[in-house]
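Fold and geometry: a report
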Amino acid sequence: MSEKYIDIKGARVHNLKNISIRIPRNNLIVITGLSGSGKSTLAFDTIFAEGQRRYVESLSSYARQFLGRINKPETDSITGIPPAIAIEQKVNTRNPRSTVGTSTEIYDYLKLLFARIGHTYSPVSGKEVQVDTVTDVVNYFAGRPSGEKMMVLSPIRETEKRGLIEQLTLLIDEGFSRIFIVENDEDESDGNPLRTVSQQIGGQENTGEVIDIKDFLSGFDAKYNSREYSVCLLVDRVSASSDEEVLSRVADSVQLAFNKGEGYCCLYVYPRKGKPFFKNFSNAFEIDGIRFEKPDINLFSFNNPLGACPKCEGYGKVLGIDESLVIPDKSLSIYSDAIACWKGETMKLFKEKFIYAAPEFNFPVHRPYYELTEQERRLLWTGNRWFEGLNSFFEMLESNRYKIQYRVLLSRYTGKTVCPLCNGARLRPEANYVRIGNKTISDLVVMSVKNLRKFFDELELTDYETKIAGRALIEIKTRIQCLLDLGLEYLTLNRLSNTLSGGESQRINLAVSLGSSLVGSLYILDEPSIGLHPRDTLRLVKVLKELRDLGNTVLVVEHEEEIMNAADEIIDIGPLSGSLGGEIVFQGKIDTAAETDVKKSLTLKYLKGEEKIEVPPYRRKPNQYIEIRGARENNLKNINVKIPLNGIVAVTGVSGSGKSTLIRNILYPEIVRILNGNGIAAGRGDFDRLTGDINRIKAVEMVDQNPIGKSSRSNPVTYIKVYDDIRKLLSSQPQAALNGFGPSHFSFNIDGGRCEECQGEGFIKVEMQFMADVILECESCRGKRFKEEILDIKYLGKNISDILNMSIDEAIELFGSADDETSQKIARKL
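What counts, and where the lines are drawn
- Residues numbered from 1 in each chain as written.
- Predicted model: local features only at pLDDT ≥ 70, side-chain atom pairs only at ≥ 80, totals over all residues.
- Heavy atoms only, no water.
- Helix = DSSP H or I, 4+ residues; strand = E, 2+ residues; numbered from the N terminus.
- Rg over C-alpha atoms; globule rule 2.2 N^0.38 Å.
- Buried < 20%, exposed > 50% of the residue type's maximum accessible area, 1.4 Å probe, protein only.
- Areas by Shrake-Rupley, 256 points an atom, 1.4 Å probe, with all protein chains shown as cover.
- Lys, Arg positive; Asp, Glu negative; His and termini not counted.
- Charge placed at Lys NZ, Arg CZ, Asp CG, Glu CD.
- Phe/Tyr/Trp six-rings, centres within 6.5 Å; stacked < 30°, edge-to-face > 60°.
- Lys NZ or Arg CZ within 6 Å of the ring centre and 35° of its normal.
- Pairing = 2+ DSSP bridges.
- Axes fitted to C-alpha atoms, helices over the stretch in contact; angles between N-to-C directions.
- Contact = heavy atoms within 4.5 Å.
- 1 Å grid on protein atoms, 1.4 Å probe; cavity = no way out; pocket = protein on both sides within 12 Å on 5 of 7 lines; lining within 4 Å.
- Points joined across faces, edges and corners; volume = space filled by probe spheres on them.
- Nonpolar A, V, L, I, M, F, W, Y, C, P; charged D, E, K, R; others polar.
- Expected span 1.5 Å × (residues − 1).
- Core = buried A, V, L, I, M, F, W, Y, C linked by side-chain atoms within 4.5 Å.
- Arc of directions from axis to C-beta.
- Salt bridge = Lys/Arg side-chain N within 4 Å of Asp/Glu carboxyl O.
- Patch = residues over 30% accessible without salt bridge, like charges linked within 9 Å, V, L, I, M, F, W, Y side chains within 5 Å.
- Disulfide = S-S within 2.5 Å.
- Polar contact = N/O pair within 3.5 Å; in protein donor to acceptor, adjacent residues only side chain to side chain.

If you tally the helices and strands in the protein, you get 30 helices and 26 strands. The C-alpha radius of gyration of the protein comes to 37 Å, more than 25% above the 28 Å expected for a compact globule of 830 residues. Its C-alpha atoms give the protein principal-axis dimensions of about 115 × 80 × 60 Å. Here the protein, with 830 residues, has 46% of them falling under the buried criterion. Per element, the accessible surface of the protein, about 43800 Å² overall, is 47% carbon and sulfur. In the protein, 107 side chains carry a positive charge and 113 a negative one; their mean positions are 4 Å apart.

Structure, rendered in structure tokens:
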């Protein structure tokens, strides 16, 4: 039976009322019910917690030493649990280095792809950088006409540490006897392949002479000192042949020439017709006078010092002059004071100088800034021979920092800005010399997932490249397809993980799990449909079914009707929430629900249409508006949006359509700016202006999916400021006054009454190093947070730990039943 069912008996965790349930494996199961009914308790705190505990049992003795202290979920027995994976509804990372590409592992495979089959191109000439091997030289030698004479040469270069004379003396000691000297013409001296060996110029005609090294040294001053010449070591003289012994000898000579020439080797060819010429070879991965980095995985990693941009250290942004601060209103023209720092009696001289010079290079000073071309914007910042740009203006301010007015002016326009060296790509410039299919890795990470899939579908590779990159390409395409199936085709790989919504983060985690193609696992998901458009919900259902069909059990905590209808079975927990929940109201298929089940289950009543949310008979007619004009941030296409005041307004659309950009990046920051009276808003989205009845707005709050408290000590009673009153109430009890306990003794944040073992946390966190930290109940206070003498102080029969463990409803009932003013005040706040 354990192979077919997850069997739970006597579950009593939190508000679960000793329930027993059998959940069929390899099915899509939806656990539903009112908020607070016990859904997450069953799924996460019971089933997943037991799965995690059993997983630890299979680990090393180091992990198992903590096992005895890990509390089992309060149940009689749980059998048939497969390996469990929980994907919760939260933004998992605040790491500024984490991106969609790194989270989904697509970027890891991209790095591998570029390191293995990437082609490096020179930024100077655009030519591909190639390395010549000994085999390449031997093949060239074997391909020449039979009997053609050649010399294998190794160029000798003077260095700061060792001059030509010293090098030649050492070569004599090593057994070499001859050198080849080429006299350079003045016009060709810089282009001679033996003089400037980094320039690989084949077919150049040169004449020279072979001379004994000792003779050269003895007559150096007299014959050569006043002449331009290049010197090569003569390694071997051979005649072209396809004979194996000759080819073997040439290979040895070429290898020696490469070693002595620090990666360079020359063949001096005497053709049967025409003048002798050089044929140059290099294994130094160099062209146009630049030595390039050979493609390596770490070269494409912005989390590695070898690949990270040296200026921004892989973050993509630096502290500098923020364009959004310098030009806060992009609907203005340069003439209309778009540039905020060029206002005022003194600074307007810079604006006037620019306007007077503008006709010289046809700059449109009356055109709004957002309509300027990229070239015109760049010109405004970099300047030209008629005027100094904004960059020079801020350099002038920087050079005068000793004056306080310039320091204040600089601070006003300083913020996080795109790194000028890597342009936000995070990688060192050398990484973008490597391309696949005419695209760099930085080009690929700024593409949407949809366009990225198109690129890889159309990518043409040679048979050799396909053989090397085949597996990596399969992994990349599989993960991209997972993102497409989950409705995330609008994301780019360089999108920061900490900017994703909770629903997007969960779907990213789901894509990682799908990409891994695990089988025989238990996936537990926490409301994955949150934030999804109905179109994307159907996609999610398809993905969940694919996960099930692979041979997994998918357990979803969910309220969405579409997902419930698609489930193989639903489990409704209720009938209500809190202490009135915690029971199994219904289990089975929706179609098979009996009339008695429908009467007991609120969920079934809504699914069957007996209960419904009524459409309002009439809606408010607003007479006040605010209007966003010219919204152009991200994918918004210069739109105007009218938002009525004093009503409930829903902003909707498919995932990635621009909802959050409009409200979170434009409307909210602009209202904050207006209310706070700031002249400039940092990080505000690109739009023209906000108009309408703005004076009617007195305050603004952004409520998003992030936790309201960042501290592990934050809870509802501290957040709504009721805890202060509760502590005063307890400290006023006669026994507390007798022992000298003040309000601070009932705080778990400061020393005094709290448990010193766990510092008032109620638990101890054990760092497991190789897996998630284990949270253990404090053995000293048994999770009650306070010392025994503090717990002896009671109000209406309840100590501080009892009060903190009450539900809101229970606390209102307790404090509302008392007559004193403090208790009534607490009840009102709750």
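Continuing now.
Enumeration over the complete set of coordinates arrives at 24 aromatic pairs. Summarising the aromatic geometry, the rings of Trp342 and Phe350 are spaced 6.5 Å apart at their centres and angled 15° between planes, so their arrangement reads as stacked. On the basis of relative accessibility, which here comes to 2%, the residue Trp342 falls in the buried class. Every member of this aromatic cluster is reached through a ring pair, and the members are Trp342, Phe350, Phe354, Phe361, Phe363, Trp386, Phe387, Phe393, Phe394 and Tyr413. Lying over the aromatic face of Tyr140, Lys279 brings its terminal NZ or CZ to 5.5 Å of the ring centre. Over the aromatic face of Tyr335 sits the side chain of Lys351, whose NZ or CZ is 5.6 Å from the ring centroid.

A word on unusual backbone geometry. With an omega dihedral of 5°, the bond running from Gly574 to Pro575 counts as a cis peptide bond. Within the secondary structure layout, Pro575 lies in the loop between β20 (569-574) and β21 (583-588). With a phi angle near 75°, Arg426 is a residue other than glycine that sits in the positive phi range. In this structure Arg426 comes out as buried when scored by relative accessible area, which is 5%.

Sheet strands associate in pairs through backbone hydrogen bonding, adopting either a parallel or an antiparallel arrangement. Ordered by their spatial adjacency, six strands build an open sheet running β5-β18-β19-β3-β20-β21, and the pairing between neighbours is mixed. The sheet is open, and its two borders are formed by β5 (84-87) and β21, each paired with just one other strand. Between one strand axis and the next, the sheet turns through 15° on average, direction left out of account. In this sheet, β21 lies alongside β20 in antiparallel orientation, the contact comprising five bridges. Counterpart to Ile573 in the pairing with β21 is Ile584. Running at roughly 145° to strand β19 (residues 553-557), helix α19 (residues 534-549) makes contact with β3 (28-33), β18 (522-526) and β19 of the sheet.

Quick look at empty space enclosed by the protein now. With a probe scaled to a water molecule rolled over the atoms, the places where space remains empty come into view. Counting across every chain of the model gives two cavities of 30 Å³ or more. By volume, the second largest cavity is sized at about 30 Å³. Lining the second largest cavity are Thr120, Phe292, Glu293, Leu299, Glu430, Tyr433 and Val434. Looking at side-chain class alone, the lining of the second largest cavity contains four nonpolar, one polar and two charged residues.

So, on to helix α11 (residues 344-357). For α11, built from 14 residues, the straight-helix expectation of 20 Å at 1.5 Å per residue is met to within 8% by its first-to-last C-alpha distance of 20 Å. Residues Met347, Lys351, Phe354, Ile355 and Ala357 constitute the buried set of α11. Of the surrounding secondary structure, the elements contacted by the buried residues of α11 are α12 (374-382), α13 (390-399) and α14 (404-412).

If you look at the biggest cluster of nonpolar residues, it comprises 65 residues, and the most contacted ones within it are Leu110, Leu113, Phe456, Leu510 and Ile570. Per-element accounting of this core gives the leading share, eight residues, to helix α17 (residues 463-485). Formed by 32 residues, the second largest nonpolar core is a distinct cluster that contains Val134, Phe176, Ile213 and Phe258.

This next bit is on helix α5 (residues 134-143). Those residues of α5 that sit buried are Val134, Val137, Val138 and Phe141. The buried residues of α5 all sit within an arc of 95° when viewed along its axis, so they share a single face. Exposed and facing more than 90 degrees away from the buried side of α5 are Thr135 and Gly143. In the core, the buried residues of α5 are packed alongside β7 (149-155), β10 (229-239), α9 (244-260), β11 (264-270) and β12 (277-282).

This part covers the sheet that holds strand β23 (residues 639-644). Read across the open sheet, the three strands follow the order β23-β22-β24; overall the sheet is antiparallel. The sheet is open, and its two borders are formed by β23 and β24 (689-692), each paired with just one other strand. Pairwise comparison of adjacent strand axes, ignoring direction, gives a mean angle of 20° for this sheet. As paired elements, strand β22 (residues 625-631) and β23 share five bridges and run antiparallel to each other.

For the rest of this paragraph, the subject is the pattern of salt bridges. Under the defined criterion, the tally for this structure stands at 32 salt bridges. Residue Lys825 is joined to Asp725 by a salt bridge in which the shortest nitrogen-to-oxygen separation is 3.7 Å. With a gap of 100 residues between them, Lys825 in helix α30 (residues 821-829) and Asp725 in helix α25 (residues 723-731) connect regions that are remote in the sequence. Beyond isolated ion pairs, a larger network of salt bridges with shared partners links Glu105, Arg471, Glu475 and Arg479.

Moving on, we get to the environment of Glu569. Relative to the helices and strands, Glu569 is located in strand β20. Distance in space between the C-alpha atoms of Glu569 and Ile29 is 5.1 Å, their sequence separation being 540 residues. Not counting residues up to four positions away in its chain, the partners in contact with Glu569 are Pro24, Leu28, Ile29, Val30, Gln587, Gly588 and Lys589.

There is a patch of nonpolar side chains on the surface, built from Ile708, Tyr719 and Ile720 and spanning about 320 Å² of accessible area. Positionally, Ile720 belongs in the loop between α24 (716-719) and α25. The class of Ile720 is partly exposed, set by a relative accessible area of 37%.

The next thing to look at is the state of the cysteines. Evaluation of the coordinates by the stated rule reveals zero disulfides. Lacking any disulfide linkage, Cys232 is separated from the closest cysteine sulfur, that of Cys266, by 5.2 Å. Just so you know, Cys758 is unpaired, no disulfide at all, and the nearest cysteine sulfur is the one on Cys781, 3.8 Å from it.

In this fold, Glu558 is placed in the loop between β19 and α20 (561-566). Polar contacts involving the side chain of Glu558 include one to the main-chain amide nitrogen of Glu560, which spans 3.2 Å. When neighbours within four sequence positions are excluded, Glu558 is seen to be in contact with Val30, Ile31, Thr32, Glu527, Pro528, Ser529, Ile563 and Met564.

The next thing to look at is the side chain of Arg785. Within the secondary structure, Arg785 is located in the loop between β26 (774-777) and α27 (788-791). Lacking a salt bridge, the buried Arg785 has Glu761 as its closest oppositely charged neighbour, with an N-O distance of 5.2 Å. When neighbours within four sequence positions are excluded, Arg785 is seen to be in contact with Asn715, Phe748, Arg754, Cys755, Gly760, Glu761 and Gly762.

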